[in-house]
Amino acid sequence: MFLVDDTLSQRQSRIRSYEPFVGVILAAVDFEWTVRRAILALGKSPTKQIHETVLSHCSGLDKYKEAWRLEVKPFTGKGLTEVIADWQFFKEKAFSLRHRLVHGVSGSVTKQYAEERIESILRASKSIAEFAESFNEPIYGRVIRRLKPR
């Protein structure tokens, strides 16, 4: 679906081109990819260690928030909830829609309802990508590998 070489704008444009139901799921997939790449890029530990001990069993916003706190906050001074504007809406309304759709709790959504949530998720991904860039650690178009701790 997406390639590492895809830019943020290419990914987001592709996501917006789908039906709202699918767009929510793709936006969530892109967010999870983005946050995981940012944790690797900005983390304090070697990337192999992050893969094996932090990200190997990490899924869901609370676990990503904790992984960010352990790996990224010591280097950047900011938690994930500080990087993502309007964390509450993002967590409770936007990202939770992904779960309801994937697990069959909701079978459909209106276009407007889904688009508001898609845009929230895309803004979160963009905030994370731009935050990584601000530390000269781009997450697109490169292999992220650090052999020594920061």
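The coordinates are above.
So, here is what we can say about the structure in this document. None of the values given here were measured: they were computed from a predicted structure.

What counts and how
- Sequence order sets the numbering: in each chain, residues are counted from 1 along the sequence as written.
- Local features in this predicted model are restricted to residues whose pLDDT is 70 or higher, and side-chain atom pairs enter the listing and the counts only when it is 80 or higher, whereas totals over whole chains, interfaces and linings include all residues.
- Note: side-chain values were computed over all heavy atoms of the structure, leaving out hydrogens and water.
- In these notes, a set of buried Ala, Val, Leu, Ile, Met, Phe, Trp, Tyr and Cys residues joined through side-chain atoms within 4.5 Å is what counts as a nonpolar core.
- Residue exposure (1.4 Å probe, protein chains only): buried if accessible area is under 20% of the type maximum, exposed if over 50%, otherwise partly exposed.
- Secondary structure follows DSSP: runs of H or I at least 4 residues long count as helices, runs of E at least 2 residues long count as strands, and numbering of each begins at the N terminus.
- Note on contacts: a residue pair is in contact if any heavy atoms of the two residues lie within 4.5 Å.
- In this analysis an axis means a line fitted to C-alpha atoms, helices contributing only their contacting stretch, and an angle means the value between N-to-C directions, from 0 to 180 degrees.
- Only Asp, Glu, Lys and Arg are considered charged in this grouping, and only Ala, Val, Leu, Ile, Met, Phe, Trp, Tyr, Cys and Pro are considered nonpolar; every other residue, Gly among them, is considered polar.
- Think of the arc as the fan of directions from the helix axis to the C-beta atoms.
- Here a Phe, Tyr or Trp ring, Trp counted by its six-membered ring, pairs with any other such ring whose centre lies within 6.5 Å, and the pair is stacked when the planes are under 30 degrees apart, edge-to-face when over 60, and tilted otherwise.
- Here, over-ring charges are defined by two tests on the NZ atom of lysine or the CZ atom of arginine: distance to the ring centre within 6 Å, and angle to the ring normal within 35 degrees.
- Should an angle lie under 35 degrees it is considered roughly parallel, over 145 roughly antiparallel, and from 65 to 115 roughly perpendicular; all remaining angles are considered oblique.
- Should the near helix be turned anticlockwise from the far one by less than a right angle, the crossing is left-handed, and should it be turned clockwise, the crossing is right-handed.

Glancing now at the nonpolar core. Formed by 44 residues in total, the largest nonpolar core has its most connected members in Phe31, Ile39, Trp68, Phe90 and Ile128. Of all the secondary-structure elements, those providing two or more residues to this core are α1 (8–16), α2 (20–42), α3 (47–55), α4 (61–71), α6 (80–83), α7 (87–102) and α8 (111–134). Sorting elements by how many residues they give to this core places α2 first, with 11 residues. Beyond its immediate chain neighbours, meaning those up to four positions away, phenylalanine 31 contacts Leu61, Ile84, Phe90, Phe95, Ile121, Ala124, Ser125 and Ile128.

With their axes 12 Å apart at the nearest point, α4 and α7 run at an angle of 145° to one another. On α7, the residues that touch Leu61, Asp62 and Lys65 of α4 are Trp87, Phe90, Lys91 and Phe95. Here the residues of the contact of α4 with α7 sort into four nonpolar, no polar and three charged.

Turning next to the environment of lysine 148. The residue lysine 148 is located in the segment after α8 in this model. Given the relative accessible area of 64%, lysine 148 is considered exposed. Separated by 51 residues in the primary sequence, lysine 148 and leucine 97 place their C-alpha atoms 38 Å from one another.

Let's shift gears to unusual backbone geometry. Even without being glycine, aspartate 86 reaches a positive phi, approximately 55°. Turning to its location among the elements, aspartate 86 is positioned in the loop between α6 and α7. Given the relative accessible area of 51%, aspartate 86 is considered exposed. A positive phi angle, near 55°, is found at asparagine 136, a position not held by glycine. By the secondary structure assignment, asparagine 136 is in the segment after α8. Owing to a relative accessible area of 67%, asparagine 136 belongs among the exposed residues under this scheme.

To continue, consider α3. Counting along an α-helix, one turn takes 3.6 residues, and residues three or four places apart therefore face a common direction. Within α3 the residues assigned to the buried category are Thr47, Ile50, Val54 and Leu55. An end-on view of α3 places all buried positions within 65° of arc, on one side of the element. Structural note: α3 exposes Lys48 and Thr53 on the side pointing more than 90 degrees away from its buried face. If you follow the buried residues of α3, they end up packed against α2 and α4.

A full pass over the atoms with the stated rule returns eight aromatic pairs. Among the aromatic residues, those joined into a ring-pair cluster are Phe31, Trp87, Phe90 and Phe95. One Lys or Arg, arginine 11, reaches over the ring of tryptophan 33 and ends 3.8 Å from the middle of that ring. In this structure, arginine 150 is placed above the aromatic ring of phenylalanine 75, and the distance from its NZ or CZ to the ring centre is 3.9 Å.

It is at 9 Å that the axes of α2 and α7 come closest, and there the two elements cross at 115°. Here α7 runs roughly perpendicular to α2, going by the angle between their axes. Like other packed secondary-structure pairs, α2 and α7 cross with a definite hand, here left-handed. Only Phe90, Phe95, Leu97, Arg98, Leu101 and Val102 of α7 make contact with α2, whose side of the interface consists of Phe21, Val24, Ile25, Ala28, Phe31 and Glu32.

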